[in-house]
Amino acid sequence: MKQTIDDVIAYLRKLFGLEESVDTILKPITKITNKLEKHEQKQNRAADRRAQAAAKAQAASAAAADAASRAAVKRAKIQETFA
């Protein structure tokens, strides 16, 4: 069995995990995409919380405007009664 120096080098690279493969080439890209995915999820959760808070504030604003309108109607009725 005759091995060339290239075969020995290829064997050593494979043995120590230095052989380039699709996985080793894409590993940094995969890390970046994973970080971006985590960031996206975090931002989406924050946006959902803000949207819920805005919806609650809008509902409170509508309720306050409705209460103010009812108060104005009652005030007008009382003024008519005592005027």
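Residues numbered from 1 in each chain as written. Predicted model: local features only at pLDDT ≥ 70, side-chain atom pairs only at ≥ 80, totals over all residues. Heavy atoms only, no water.

Q: Explain the overall build of the protein here, please?
A: When helices and strands are counted, the protein shows 2 helices and 0 strands. Rg of the C-alpha trace for the protein: 35 Å, well past the compact-globule value of 12 Å for 83 residues, more than 25% over. Reported as C-alpha extents along the three principal axes, the dimensions of the protein are approximately 115 × 15 × 15 Å. Out of the 83 residues in the protein, the part that is buried amounts to 1%. A distance of 13 Å separates the average location of the 16 positive side-chain charges in the protein from that of its 10 negative side-chain charges. (Helix = DSSP H or I, 4+ residues; strand = E, 2+ residues; numbered from the N terminus. Rg over C-alpha atoms; globule rule 2.2 N^0.38 Å. Buried < 20%, exposed > 50% of the residue type's maximum accessible area, 1.4 Å probe, protein only. Lys, Arg positive; Asp, Glu negative; His and termini not counted. Charge placed at Lys NZ, Arg CZ, Asp CG, Glu CD.)

Q: Got a minute to help me understand helix α2 (residues 22–82) in this structure?
A: Along an α-helix, a turn takes 3.6 residues, which lines up residues three or four apart on a common side. Taking 1.5 Å per residue, 61 residues should reach 90 Å; α2 reaches 88 Å between its end C-alpha atoms and fits that length. Along α2, the sharpest kink reaches roughly 40°, centred on Pro 28. (Expected span 1.5 Å × (residues − 1). Bend = angle between axes of the 7 residues up to and from the residue.)

Q: Teacher, can you tell me more about the pattern of salt bridges here?
A: It is possible for side chains of opposite charge to pair when their charged atoms get near one another. Considering all chains together, one arrives at 1 salt bridge under this definition. Residues Asp 66 and Arg 70 are paired through a salt bridge, measuring 2.6 Å at the closest nitrogen-oxygen approach. One end of the pair is Asp 66 and the other is Arg 70, both in helix α2 and 4 residues apart, which spans about a single turn. Judged by relative accessible area, which is 42%, Asp 66 ranks as partly exposed. (Salt bridge = Lys/Arg side-chain N within 4 Å of Asp/Glu carboxyl O.)

Q: Just checking my understanding: could you explain the environment of Ala 83 for this structure?
A: Considering the arrangement of structural elements, one finds Ala 83 in the segment after α2. When the C-alpha positions of Ala 83 and Thr 4 are compared, they lie 113 Å apart, and in sequence the two are 79 residues distant.

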